[in-house]
Amino acid sequence: INKTNMERKKIFKIDWILVLVYLFLICFGLANIISSSISGDNFSLFDFSTLYGKQLIFIILSLVLIAVTLTIEVKFYERFSSIFYLICLFFLFGLFFLGDTINGALSWYTLNNITIQPSEFMKIGTALAVAKFVSDFQTNLNKRSDQIRIFTIIFLPIVTITLQNDTGTAIVFLSLFFVLYREGISQIYLLIVFIIISISILTIKISMSASILASLALIVLYYLFQNRKSRSITSSFIIFVFCISISGLTDYTYNNILKTHQKNYISVWLNLEKDPIKIKQMKRTILYNLNESEKAISSGGLVGKGYLEGTRTIGNFVPEQHSDYIFSSIGEEWGFLGSSFIIIAYIILIIRIINLSEMQKNHFSRIYGYSVASIIFIHFMINIGMVLGLTPTIGIPLPFISYGGSSLIAFTLLLFIFIRLDANRINEW
């Protein structure tokens, strides 16, 4: 009985700052889903045939799951993390046989008009699996064998989701490399990622020849600035071949594998297209969403047009404005100040998670906390950047705000598992 009472007390000692930010974001999200999907004067919050009515159901379900999550014993999450990862992976693979394609991505199960997106829950499973493996006292991230294992844990969902034509969601899992860097993995991997990105952009932006010349110049500088004892022609040659291979693979992928709309998104992002007539045509077709989104945000000005007063939001000028492009509705109706306030709320959320992670005495809890912060950060950064035209359009939701049951429930569980772990830390001082 005493143990049960102690567990109940822990529930009330959760971090209420995270809880309040979470509640604010889901309520604000619901308000903006109402704004972007309301039609006519007959408004009823409990009309469950509407988008906002369905989102209300998702919120209620999320609150129920929060209560369950907070009552589960802490050791459960660490003990069964590998099993949860395998279950999520099983359902992810199952999409190849039983999944439905929506908006070009094989990412959904459909059951009696209810759609479930397993990749959203795969983020939780992968975060738990990474925390479990890295926190194991036998794991050494400087050992090649352990590096291969942790890369396998992360890249299995990445490859699977990419094959299902959902590249945007797959990219999110790369954020877990921030966690590995925090836990002491060699900085050489960050350098490799930087080289791959730089060579790829240079290849597409200018040409393959330019990237090869840049790679050669990089190798010469690397060789010259090494002390004589460390200089190695073999190492320099391997790096040069690696750079050429990346350039060649990028060139082939861009010209032969990517679909036209994907190439056009990259072309606009890298400012490759110079023909004003073609740019104007693209804004009416593949860039319609982005173009209308930018117009909606800019029309909001400093303080916005007011709630339910956004002409572009009410007029449904921006497709998918209730989900991936919901920040454009925020920009139009709440203006620069309102948008900034939302960004600050996310910053508070992420920094708070990082600070609490640093305070964890349990290694598993700390790593999981950093995983949560990394996943929320990459979603927040890419979604808002996408709506503003600063990052490529890859179609991922804004956490807690965008419409969607799988997204809201998965992010809720992701966050409140950490809140539960942190509550245990508070009661162990």
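Residues numbered from 1 in each chain as written. Predicted model: local features only at pLDDT ≥ 70, side-chain atom pairs only at ≥ 80, totals over all residues. Heavy atoms only, no water.

1. A short note on the confidence of the model for the protein
So, point 1. Taken residue by residue, the protein gives an average pLDDT of 87. The fraction at 70 or more is 93%.
So, point 2. For the protein, the element scoring lowest by mean pLDDT is helix 1 (residues 2-11), at 56; helix 6 (residues 118-135) scores highest, at 96. (pLDDT = per-residue confidence, 0-100. Helix = DSSP H or I, 4+ residues; strand = E, 2+ residues; numbered from the N terminus.)

2. Considerations on the sheet that holds strand 3 (residues 114-116)
So, point 1. Pairing in this open sheet of three strands is antiparallel, and the strands run 1-2-3 from one edge to the other. Each edge of the sheet is formed by a strand with only one pairing partner; in this case those strands are strand 1 (100-102) and strand 3. For this sheet, the mean inter-axis angle between neighbouring strands, taken without regard to orientation, is 50 degrees.
So, point 2. Bridge count for strand 1 against strand 2 (residues 105-111) is three bridges, and the pairing is antiparallel. Looking at strand 2, one finds that D100 is bridged to W108. (Pairing = 2+ DSSP bridges. Axes fitted to C-alpha atoms, helices over the stretch in contact; angles between N-to-C directions.)

3. Focus: helix 3 (residues 51-71)
So, point 1. In a regular helix each residue adds 1.5 Å, so 21 residues correspond to 30 Å; helix 3 covers 31 Å between its end C-alpha atoms and thus fits that length.
So, point 2. Listed in full, the buried residues belonging to helix 3 are Y52, G53, Q55, L56, I59, S62, I66, T69 and L70. (Expected span 1.5 Å × (residues − 1). Buried < 20%, exposed > 50% of the residue type's maximum accessible area, 1.4 Å probe, protein only.)

4. Structural notes on unusual backbone geometry
So, point 1. The phi torsion at N165 lies on the positive side, around 65 degrees, for a residue other than glycine.
So, point 2. Secondary-structure assignment places N165 in the loop between helix 7 (144-163) and helix 8 (167-172).
So, point 3. The exposure class of N165 is partly exposed, given its relative accessible area of 32%.
So, point 4. Even without being glycine, L308 reaches a positive phi, approximately 65 degrees.
So, point 5. With respect to the helices and strands, the residue L308 is situated in the loop between helix 15 (288-299) and helix 16 (311-314).

5. Description of the nonpolar core
So, point 1. Ranked by internal contacts, the top residues of the largest apolar core, which has 96 residues, are I150, Y368 and F400.
So, point 2. Of the residues forming this core, the biggest block, 14 residues, is contributed by helix 18 (residues 363-387).
So, point 3. Not counting residues within four places of it along the chain, the set of residues in contact with F400 comprises Y22, L25, I26, L349, I376, L408, F411, T412 and L415. (Core = buried A, V, L, I, M, F, W, Y, C linked by side-chain atoms within 4.5 Å. Contact = heavy atoms within 4.5 Å.)

6. Here's the deal with the side chain of T69
So, point 1. Within the element layout of this structure, T69 appears in helix 3.
So, point 2. What makes T69 buried here is its relative accessible area of 4%.
So, point 3. Contacts of T69, omitting those with residues within four sequence positions, involve Y77, L413, F416, I417 and R420.

7. Quick word on the environment of F84
So, point 1. Its place among the elements puts F84 in helix 5 (residues 81-98).
So, point 2. Placed 44 residues apart in sequence, F84 and L128 show a C-alpha to C-alpha distance of 8.1 Å.
So, point 3. What F84 contacts, discounting residues up to four positions off in sequence, is F121, I124, G125 and L128.

8. Focus on the pairing of strand 2
On any regular strand, side chains alternate: one points to one face of the sheet, the next to the other face.
So, point 1. Where strand 1 folds back on strand 2, the antiparallel hairpin that results is connected by two residues, among which N103 adopts a positive phi of roughly 55 degrees.
So, point 2. Here three bridges tie strand 2 to strand 3, and the two strands are oriented antiparallel to one another. Paired with Y109 across the strands is I116, a residue of strand 3.
So, point 3. Hairpin connection from strand 2 to strand 3: two residues lie between these consecutive antiparallel strands, with N112 at a positive phi of about 50 degrees.

9. Observations regarding the packing of helix 10 (residues 188-205) against helix 12 (residues 233-257)
So, point 1. Axis separation between helix 10 and helix 12 bottoms out at 9 Å; the angle between their running directions is 50 degrees. What the angle tells us is that helix 10 and helix 12 run oblique. Judged by the twist between their axes, the crossing of helix 10 over helix 12 is right-handed. For the pair helix 10 and helix 12, contact is made by I192, I195, I196, I199, S200, T203 and I204 and by F242, C243, I246, S247, T250, D251 and Y254, respectively.
So, point 2. Each residue belonging to the contact of helix 10 with helix 12 can be placed in one class, and the counts come to nine nonpolar, four polar and one charged. (Parallel < 35°, antiparallel > 145°, perpendicular 65-115°, else oblique. Left-handed = near helix turned anticlockwise from the far one by under 90°. Nonpolar A, V, L, I, M, F, W, Y, C, P; charged D, E, K, R; others polar.)

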